[in-house]
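As a plain string of letters, each chain reads:
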Amino acid sequence: MCGIVGYIGSRVAQPLLIEGLKRLEYRGYDSAGVAVLEGDHLRIARAVGRVAEVEEKLDQLGGFAGTLGIAHTRWATHGGVTEANCHPHRDDKSGIALVHNGIIENYAALRTYLEEKGHVFSSETDTEVLAMLIGELYEGDLEKAVKAALREVTGAYAIAVLCEHDPNTLVVARKGSPLMVGVGSGEYVVASDASAIIAHTSQAFPLDDYNVVRITREGFRTSTINDVPVSPKMMQLEMDLEQIELGGFSHFMQKEIYEQPKVLRTTLRGRLDHNEGRVILGGLASFAKELIKARRFILTAQGTALHAAMIGEYLLEDLAKISAEVEYGSEFRYRNPIIEENTVVVAVSQSGETADTLCALREAKDRGAMALGVVNVVGSSIARETDAGVYLRVGPEVGVASTKAFTGQVTVLTMLALYMARRRFMSPEVCARCLRQLDEIPAKVEQTLESDYRVRKVTERYVERDNWLFLGRGYNYPTALEGALKLKEISYIHAEGMPAAEMKHGPIALIDDGMPVVFIANKGRQYDKVMSNIAEVRSRGGHVIAVATEGDNDIKSVAEEVLYIPECEEYLSPILAVVPLQLMAYHAAVLRGHDVDKPRNLAKSVTVE
Ligand code: G6P
């Protein structure tokens with residue numbers, strides 16, 4: 001959801017800014033722009049489209065030579081996708097340029113106020129309002145003007161600001177949207193996330209809400225918008241460049257699907273104690289005593305993470321025999337939720353920055369819940385605002401369509417359920433057996449990936465179809481939802497996911513001759529019921545693509561296409577069953593000629609409500 005980058009140092013800023021934008025392009029990619037200070041002269045290039053379009057503009061302009069600059073890649077909120085609405089935005093009085101990620105909620109009132117003062121706006125954005133406000137309040141001290149402006153603002157922001165009259169200062173600030181400062185030697189790179197920093201330095205610190213950092217080539221100072229000094233929490237970035245490069249794959253989504261066996265091994269590493277038959281989750285250690293009292297879990301998330309959370313609900317109830325429910329963060333927050341004593345709220349999120357999930361978490365905490373995070377990005381907002389948590393350790397996920405984060409989330413939630421089960425009633429022997437089964441999963445994902453060619457062939461046969469259904473029961477009902485979401489997100493095919501049994505209560509009316517219906521029909525408690533649902537589809541002309549358990553030959557007589565997954569315990573089956581669905585969506589998008597890693601209208605990290 002918009003990516004911002006800033007640089008101050010002794011190197012020419014433009015190539016660093018462009019490279020940073022390309023790393024952040026997954027956050028938004030409908031337009032982009034760069035502003036650089038050449039001496040005291042502000043130069044700006046902006047373009048609708050990808051970062052490459054801005055690069056072209058910069059070439060036409062002969063490039064910018066300055067060593068202080070800011071840049072932005074946009075996912076439009078206020079105002080359409082036009083050059084006038086592209087960032088950086090400028091004020092009309094004080095030589096201010098600003099890039100912004102987030103939404104200024106009181107922009108309309110501020111705009112009226114500024115117009116009354118004679119300012120003339122050239123865009124429809126909330127961001128230009130903030131640039132004008134800073135310009136209006138500027139009296140020779142950029143940091144002071146930024147703070148004064150931010151005290152007037154409601155909403156969310158991560159901003160980077162520079163000023164023509166102060167060629168040695170970059171001011172950045174945050175509330176609600178992520179921002180990090182990378183500290184090199186005599187230079188600083190600020191960015192929405194570590195991927196735009198790591199090529200230059202591994203020393204960085206994230207900003208907390210209401211923090212402002214004034215950066216010069218000689219050093220930096222952090223304080224709140226009310227001028228209270230803050231000590232930044234410096235951290236060592238663990239990402240390496242290889243993790244955010246394609247490395248021979250055609251797309252990040254493909255790379256990330258294929259990375260799953262390796263990253264899931266990392267997710268599990270050191271956490272399964274086979275000898276003692278227990279799960280060791282270091283991130284929960286300080287919270288173990290509280291957790292044992294837990295009577296109810298509420299899992300909250302959005303998108304793919306919500307589907308993982310739904311599987312978590314089944315796992316907690318089935319394995320740990322503890323009451324659990326799932327709720328969209330966006331709904332939870334506004335429906336006056338009842339939080340009884342000993343309720344644990346688990347926020348599940350790849351980015352750790354999703355505003356809907358974060359707001360739900362805050363609401364739950366305010367109402368007295370214990371807060372856990374199941375998050376991928378280390379040091380992200382959710383990770384910092386939870387009482388305890390478990391990191392996914394699946395490495396940076398760049399493809400907008402989430403894949404390895406999903407299997408990582410389900411793996412962590414499985415460990416959480418076993419952790420709770422063992423503390424509540426499960427014997428070490430039973431737990432040890434589960435751990436062995438879980439430990440085999442990465443190798444089974446590897447085996448599942450071997451069917452990629454076959455998945456592609458099956459996808460080719462149906463890719464022209466515009467309506468698909470995805471059906472599953474029990475643990476694989478959420479998998480069906482995830483399969484449908486993947487297809488929608490990147491191939492723009494209309495797909496519905498639902499419990500297989502629900503189909504006959506209405507959606508069955510959709511089934512016509514040749515409609516692709518994907519069933520997750522692995523061996524398990526509900527296998528026979530799923531077979532009946534398949535028969536219902538077949539008798540109405542639907543074409544069944546079944547994800548089935550290796551060795552199940554019966555299914556071949558009822559399904560047109562069968563994609564096999566290795567045999568496994570039912571509670572682990574979503575981690576395998578989702579893999580052919582991820583591949584199917586990937587191939588459908590490629591076959592339809594779409595930009596797999598940057599699907600239209602989407603953004604990977606949605607930091608507005
Ligand atoms: C966005 C993305 C989805 C993602 C969801 C939750 O909507 O497009 O792919 O699943 O956010 O993201 P999170 O980072 O919280 O897992």
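Everything quoted here is computed from the prediction, not taken from an experiment.

## Some remarks on the overall build of the protein chain
Inference 1: Helix and strand counts for the protein chain come out as 19 helices and 26 strands.
Inference 2: On C-alpha atoms alone, the protein chain measures out to a radius of gyration of 25 Å, which is about the 25 Å that the 2.2 N^0.38 rule sets for 609 residues.
Inference 3: For the protein chain, the spread of C-alpha atoms along the three principal axes comes to 75 × 55 × 45 Å.
Inference 4: When the 609 residues of the protein chain are sorted by exposure, 62% land in the buried category.
Inference 5: Long-range contacts, defined here as pairs at least 24 residues apart, represent 71% of the contacts in the protein chain between residues at least 6 apart.
Inference 6: For the protein chain, the accessible area works out to roughly 22300 Å², and carbon and sulfur atoms hold 48% of it.
Inference 7: Counting 66 positive and 83 negative side-chain charges, the protein chain places the averaged centre of each group 4 Å from the other.

## Description of the sheet that holds strand E19 (residues 343-349)
Inference 1: Strands sit in the order E18-E17-E19-E20-E21 across an open sheet of five strands; the sheet is parallel. Only two strands of the sheet have a single neighbouring strand rather than two, namely strand E18 (323-328) and strand E21 (388-391). Averaged over all pairs of adjacent strands, the angle between their axes in this sheet comes to 20°, without regard to strand direction.
Inference 2: As paired strands, E19 and strand E20 (residues 370-375) are joined by six bridges and run parallel to one another. Opposite Val345, over in E20, you have Ala371 as the bridge partner.
Inference 3: Sitting on the sheet, helix H9 (residues 303-320) is in contact with strand E17 (296-301), E18 and E19, with an inclination near 170° to E18.
Inference 4: Docked against the sheet, helix H13 (residues 404-424) engages E17, E19, E20 and E21, running at close to 140° with respect to E20.

## Points about the domain arrangement of the protein chain
Inference 1: Each domain of the protein chain was delimited in the assignment, giving domain 1 (3-242), domain 2 (247-439) and domain 3 (448-594).
Inference 2: The centre of domain 1, based on its C-alpha atoms, is set 33 Å off from the matching centre of domain 2.
Inference 3: Between domain 1 and domain 2, the contact holds eleven residues from the first and ten residues from the second.
Inference 4: Three residues stand out in domain 1 for area buried against domain 2, namely Tyr26, Arg174 and Pro178, and they jointly supply 38% of the buried area on that side.
Inference 5: Seen at the junction of domain 1 and domain 2, the total is two salt bridges.
Inference 6: Residue Arg362 is joined to Asp209 by a salt bridge in which the shortest nitrogen-to-oxygen separation is 3.5 Å.

## Comments concerning the packing of helix H4 (residues 126-137) against helix H5 (residues 142-150)
Inference 1: One can describe the packing of H4 onto H5 by two numbers: an axis separation of 8 Å at closest approach and a directional angle of 125°. One way to sum up the angle between H4 and H5 is to call them oblique. Two packed elements cross with a definite hand, and for H4 against H5 that hand is right-handed. Here Leu130, Leu133, Ile134 and Leu137 of H4 come into contact with H5, specifically with Leu142, Ala145, Val146, Ala148, Ala149 and Leu150.
Inference 2: Of the residues belonging to the contact of H4 with H5, the class tally is ten nonpolar, no polar and no charged.

## Here's the deal with the packing of aromatic side chains
Inference 1: Taken as a whole and judged by the stated rule, the model has six aromatic pairs.
Inference 2: Ring geometry for Phe205 and Phe220: centres 5.1 Å apart, planes at 25°, overall stacked. Linking Phe205 in strand E11 (residues 203-206) with Phe220 in strand E13 (residues 219-224), this pair joins segments that are 15 residues apart in sequence.
Inference 3: You can call Phe205 buried: its relative accessible area is 1%.
Inference 4: With centroids separated by 5.8 Å and ring planes inclined at 35°, the aromatic side chains of Phe249 and Tyr258 adopt a geometry described as tilted.
Inference 5: Exposure remark for Tyr258: the relative accessible area of 29% places this residue in the partly exposed category.
Inference 6: Members of the aromatic cluster, each reached through a chain of ring pairs, are Tyr188, Phe205 and Phe220.
Inference 7: Here the guanidinium or amino end of Arg423 rests over the ring plane of Tyr419, the centre of that ring lying 3.9 Å away.
Inference 8: Sitting above the plane of the Tyr527 ring, Lys523 keeps its charged end 4.0 Å from the centroid.

## Focus on the site of the ligand
Inference 1: Around the ligand, 13 residues are found, and the nearest of them are Thr304, Ser349, Gln350, Ser351 and Thr354.
Inference 2: In the model, an oxygen atom of the ligand is placed 2.6 Å from a nitrogen or oxygen of the Ser351 side chain.
Inference 3: One of the side-chain N or O atoms of Thr354 is found 2.5 Å from an oxygen atom in the ligand.
Inference 4: For the ligand, the accessible surface in isolation is 390 Å², of which the surrounding protein chains cover 89%.
Inference 5: Ranked by residues supplied to the shell around the ligand, first place goes to H9 with three residues.

## Examining the nonpolar core
Inference 1: Among the nonpolar cores identified, the biggest contains 95 residues, and Leu284, Leu291, Phe297, Leu372, Met420, Trp468 and Phe470 are the most heavily contacted of them.
Inference 2: Residue contributions to this core reach at least three from each of two domains, namely domain 2 (247-439) and domain 3 (448-594).
Inference 3: Residues contacting Leu372, with those up to four places away along its chain left out, are Leu284, Phe287, Leu291, Phe297, Val344, Val345, Val346, Ala347, Thr386, Ala388 and Leu416.

Cut-off values and rules
Residues numbered from 1 in each chain as written. Predicted model: local features only at pLDDT ≥ 70, side-chain atom pairs only at ≥ 80, totals over all residues. Heavy atoms only, no water. Helix = DSSP H or I, 4+ residues; strand = E, 2+ residues; numbered from the N terminus. Rg over C-alpha atoms; globule rule 2.2 N^0.38 Å. Buried < 20%, exposed > 50% of the residue type's maximum accessible area, 1.4 Å probe, protein only. Contact = heavy atoms within 4.5 Å. Areas by Shrake-Rupley, 256 points an atom, 1.4 Å probe, with all protein chains shown as cover. Lys, Arg positive; Asp, Glu negative; His and termini not counted. Charge placed at Lys NZ, Arg CZ, Asp CG, Glu CD. Pairing = 2+ DSSP bridges. Axes fitted to C-alpha atoms, helices over the stretch in contact; angles between N-to-C directions. Domains from an automatic or database assignment. Buried area = accessible area lost by both parts, 1.4 Å probe. Salt bridge = Lys/Arg side-chain N within 4 Å of Asp/Glu carboxyl O. Parallel < 35°, antiparallel > 145°, perpendicular 65-115°, else oblique. Left-handed = near helix turned anticlockwise from the far one by under 90°. Nonpolar A, V, L, I, M, F, W, Y, C, P; charged D, E, K, R; others polar. Phe/Tyr/Trp six-rings, centres within 6.5 Å; stacked < 30°, edge-to-face > 60°. Lys NZ or Arg CZ within 6 Å of the ring centre and 35° of its normal. Near = heavy atom within 4 Å. Polar contact = N/O pair within 3.5 Å; in protein donor to acceptor, adjacent residues only side chain to side chain. Core = buried A, V, L, I, M, F, W, Y, C linked by side-chain atoms within 4.5 Å.

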